Amino acid sequence: MTIRNVNSTQSSIPYGIFLDNSTLGGTLAACEISNNSIFNITSTSTSTTSAILYGMRIDVGSGTSATVFNNEVYNFTPPAPASAQTAQYVRAIAVNVGGSGGVVTLAHNGVSIGSGLSGNQLKVTTTCLYLSGGMATLRNNIFANLTPSQTTSKHYALVIPAGTASGSSRNLYYAPNTNGVMASASGADCATLPIFAAAISGVPPVDGAESGSANANPQFTSATSLTFTGATPAAL
């Protein structure tokens, strides 16, 4: 399915896909979302109270689960406030935003955001993946936040303020340029993959997280094409 050209003027929250199974008490025990192309999620607002832009928001309650695979999400145009903001205005994929306690598996998804932003668009914080509750398993995903250099606001490959990233492996993360940060876990920025892996891993001798993962440029063809220009670390 193709989902495109979703626009917000200010306070209305635009979603490409929103699965809200957070309060159904297991009525829908398992859901699958796959093979979607979601792009051109935009805001024309200049307000600091602008809505967050979501490509996919997956909220599942305790006792329920969702598997999200083979999707591509790209090309967001965030709000352009006059002053720099530390709050997030783009969450390309978000899991359990309301703190729901379900389990979500993300596999073989590609995300590319931030390329070509300029001016006041650089005064917002953005992330490819946001996890705020429950548990997420991340495998074979690409999260690339290609936002140009910023002064106060930041751009992340993923942000995990709450919840657990479990069994994560073979992912590719990339957030280059000034104020680009690979990840944030429990409120702390993680500049490198080893720091992030340690933050989400269990106490030894439990196997460490992010085996086979890399912090590197996936070499996407363009901001609107998630194919590869040639050799890519995503092939590893």
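Residues numbered from 1 in each chain as written. Predicted model: local features only at pLDDT ≥ 70, side-chain atom pairs only at ≥ 80, totals over all residues. Heavy atoms only, no water.

J.: Sorry, what's going on with the nonpolar core here?
T.: The tendency in soluble globular proteins is for nonpolar side chains to be buried as a group. Judged by nonpolar contacts, the single largest core of 43 residues is most densely connected at Met-56, Ile-58, Leu-158, Tyr-173 and Phe-196. No other element matches strand 11 (residues 125-139), which puts five residues into this core. Setting aside anything within four residues of it in sequence, one finds Leu-158 in contact with Thr-127, Leu-129, Leu-138, Tyr-173, Met-182, Ala-183, Ser-184 and Phe-196. Membership of the second largest hydrophobic core comes to eight residues, among which are Ala-144, Leu-172, Tyr-174 and Phe-220. (Core = buried A, V, L, I, M, F, W, Y, C linked by side-chain atoms within 4.5 Å. Buried < 20%, exposed > 50% of the residue type's maximum accessible area, 1.4 Å probe, protein only. Helix = DSSP H or I, 4+ residues; strand = E, 2+ residues; numbered from the N terminus. Contact = heavy atoms within 4.5 Å.)

J.: Just to check I follow, could you spell out the sheet that holds strand 14 (residues 172-174) for this structure?
T.: The strands that make up a sheet pair up through hydrogen bonds in the backbone, lying either parallel or antiparallel. Strand order in the open sheet made by the seven strands is 1-4-7-10-12-14-17, with parallel pairing throughout. Bordering the open sheet on either side are strand 1 (2-8) and strand 17 (214-215), each of which pairs with just one other strand. Bridge count for strand 1 against strand 4 (residues 37-43) is six bridges, and the pairing is parallel. Bridging across to strand 4, Val-6 finds its partner in Ile-41. (Pairing = 2+ DSSP bridges.)

J.: Help me understand the side chain of Asn-145 in this model?
T.: With respect to the helices and strands, Asn-145 occurs in strand 12 (residues 142-145). Reaching out from Asn-145, the side chain makes a polar contact with the backbone oxygen of Tyr-156 at a distance of 3.0 Å. Contacts of Asn-145, omitting those with residues within four sequence positions, involve Ile-113, Gly-114, Thr-126, Thr-127, Cys-128, His-155, Tyr-156, Ala-157, Tyr-174, Ala-175 and Pro-176. (Polar contact = N/O pair within 3.5 Å; in protein donor to acceptor, adjacent residues only side chain to side chain.)

J.: When you look at the packing of aromatic side chains in this model, what are you seeing that I'm missing?
T.: Note on aromatic pairs: each is described by the distance of the centres and the angle between the planes. Summed over all chains, the structure comprises six aromatic pairs. Centroid distance Tyr-15 to Phe-18: 4.5 Å. Interplanar angle 25°. Geometry classified as stacked. Relative accessible area serves as the criterion here: at 22%, Tyr-15 is assigned to the partly exposed category. With relative accessibility at 34%, the residue Phe-18 sits in the partly exposed group. Within the aromatic cluster, the residues linked to one another by ring pairs are Tyr-15, Phe-18 and Tyr-54. The ring of Tyr-54 is capped by Arg-57, whose NZ or CZ atom sits 5.7 Å from the centre of that ring. (Phe/Tyr/Trp six-rings, centres within 6.5 Å; stacked < 30°, edge-to-face > 60°. Lys NZ or Arg CZ within 6 Å of the ring centre and 35° of its normal.)

J.: How do you make sense of the environment of Thr-42 when you look at a structure like this?
T.: Take Thr-42: it is sitting in strand 4. By relative accessible area, which is 19% here, Thr-42 ends up buried. Measuring from C-alpha to C-alpha, the distance between Thr-42 and Leu-146 comes to 17 Å, with 104 residues separating the pair along the chain. Non-local contacts of Thr-42, meaning those with residues more than four positions away in its chain, are made with Val-6, Asn-7, Ser-8, Leu-53 and Thr-77. Polar side-chain contacts of Thr-42 include one of 2.8 Å to the side chain of Asn-7.

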